[in-house]
Each structure stands twice: as C-alpha cells, then as structure tokens.
Amino acid sequence: MLRLRIGLAIIFLLPILGCSSSINGSDEKTNDIYTGSVYFTGTINEITGNTALVYGKLGSTEGNVYVDLSVNKVDKFQVGDKINVEYDGIILESHPAKINTLSVELME
C-alpha cells in the first residue's frame, strides 16, 4: 500500500515539477531559483516614469536591467546615479532583463 502511495505521489508531482515555461505563454524565462534577496550595484542609464534602465552585474552576467524606482519614496534619481538594488534573486531573460525590485538606494 505504501508503494502505491509513493508511486501515485511521483506520478502527480513529476508533471508539476517538470514545467518550466511560464503559465501566461510569454517568452520570458527565469534564470535562477528563488533563494532570498540579492543585491547588485549599477549605474542609471535612462529613466522613464518610475522605471530605470540600469547597467550592472547580476550574478555572472553583466548588462542592462529594468529597475522599479517607485520602491524608494525618499530619493530623487537621475541619469548617471550609482544605485544599490535589492531584488528577489529571479532574473527574467528578456531584453533588457527584468527583476522584481525590492529596494533601491542612492549611493554616495
């Protein structure tokens, strides 16, 4: 009976664990598994509304990433500013990359 339960659990869990594409059908893929918050330092290249295009090194890759500046209600950001960004560790492989911004701090 125990073997039957284990077999059924495996049968039901494998399809769920094996799915790696997003549910909404977009072509964005995640680069990392959630492991807690991660930080990187970058330079703002462009600002549009509350979103900044920031050049920095995320993990093993270096390049542009969209950062949500609205998570910081105190600082006024400008192109050329160096910032420290905290995100949830997931990088969407779009062009430029996208992250879930948790906090943004202006560096002195």
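About the cut-offs
Residue positions within a chain follow its written sequence, with the count starting from 1. In view of the model being predicted, local features appear only for residues whose pLDDT reaches at least 70, and side-chain atom pairs are presented and counted only at 80 or more, with totals across whole chains, interfaces and linings using the full set of residues. Side-chain metrics rest on all non-hydrogen atoms present in the structure, leaving aside hydrogens and water. A run of H or I in DSSP counts as a helix once it spans at least four residues, and a run of E counts as a strand once it spans at least two, with each numbered from the N terminus. Think of it in three bands: residues with accessible area under 20% of the maximum for their type are buried, residues over 50% are exposed, and the middle band is partly exposed, with areas taken using a 1.4 Å probe on protein chains only. In what follows, a contact means two residues having at least one pair of non-hydrogen atoms within 4.5 Å. Computed with a 1.4 Å probe, the accessible areas rest on the Shrake-Rupley method; for each residue, only the protein chains presented here act as cover. One requirement defines pairing of two strands: DSSP has to find at least two bridges between them. Axis lines are fitted to C-alpha atoms, over the contacting stretch for helices. Their N-to-C directions set the angle, which ranges from 0 to 180 degrees. Residues belong to one nonpolar core when they are buried, are Ala, Val, Leu, Ile, Met, Phe, Trp, Tyr or Cys, and are joined through side-chain atoms within 4.5 Å. Here the positive residues are Lys and Arg and the negative ones are Asp and Glu; neither His nor the chain ends is included. Put simply, a salt bridge is a Lys or Arg side-chain nitrogen that is within 4 Å of an Asp or Glu carboxyl oxygen. The term polar contact refers here to a pair of N or O atoms within 3.5 Å; inside protein, the definition further demands a hydrogen-donor-capable atom paired with an acceptor-capable atom, and it admits residues adjacent in sequence only when both atoms are side-chain atoms.

- An unreviewed UniProt entry lists the protein chain under the name DUF3221 domain-containing protein, from Virgibacillus kapii.

**A look at the overall build of the protein chain**
Turning to step 1, where the next piece is worked out: Regarding its fold elements, the protein chain presents one helix and five strands.
Turning to step 2, where the next piece is worked out: Tracing the protein chain from N to C terminus, the helices and strands come up as α-β-β-β-β-β.
Turning to step 3, where the next piece is worked out: The buried share of the protein chain, reckoned over its 108 residues, is 26%.
Turning to step 4, where the next piece is worked out: Expressed as a percentage of contacts within the protein chain between residues at least 6 apart in sequence, the contacts between residues at least 24 apart total 56%.
Turning to step 5, where the next piece is worked out: Summed over all atoms, the accessible surface of the protein chain reaches about 7,800 Å², with 56% contributed by carbon and sulfur.

**Section: the sheet that holds strand E4 (residues 82–92)**
Turning to step 1, where the next piece is worked out: On the basis of which strands lie adjacent, the closed barrel formed by five strands has the order E1-E2-E3-E5-E4 and mixed pairing. If you compare each strand with its neighbour and ignore which way they point, the axes differ by 50° on average.
Turning to step 2, where the next piece is worked out: The pairing of strand E1 (residues 38–48) with E4 spans six bridges and is classified as antiparallel. Bridge pairing in E4 links Val38 to Tyr87.

**Focus: the environment of Gly49**
Turning to step 1, where the next piece is worked out: Relative to the helices and strands, Gly49 resides in the loop between E1 and strand E2 (51–58).
Turning to step 2, where the next piece is worked out: Once the C-alpha coordinates of Gly49 and Ser70 are considered, the two residues, 21 residues apart in sequence, prove to be 9.0 Å apart.

**Focus on the nonpolar core**
Turning to step 1, where the next piece is worked out: Phe40, Val54, Leu58, Val65, Val67, Ile83 and Ile99 are the most contacted members of the largest nonpolar core, which has 16 residues in total.
Turning to step 2, where the next piece is worked out: When contributions to this core are tallied by element, the ones reaching two or more residues are E1, E2, strand E3 (61–68), E4 and strand E5 (97–106).
Turning to step 3, where the next piece is worked out: With residues up to four places along the chain from it excluded, the contact list for Ile99 reads Phe40, Leu58, Val65, Tyr66, Val67, Val85, Tyr87, Ile90 and Ile91.

**Considerations on the side chain of Asp88**
Turning to step 1, where the next piece is worked out: By the secondary structure assignment, Asp88 is in strand E4.
Turning to step 2, where the next piece is worked out: Despite its burial, Asp88 remains without a salt bridge, the nearest opposite charge being carried by Lys98 at 14 Å.
Turning to step 3, where the next piece is worked out: A distance of 3.0 Å separates a polar side-chain atom of Asp88 from the backbone nitrogen of Ile90.
Turning to step 4, where the next piece is worked out: Only 3.2 Å separates the side chain of Asp88 from the side chain of Asn100, close enough to count as a polar contact.

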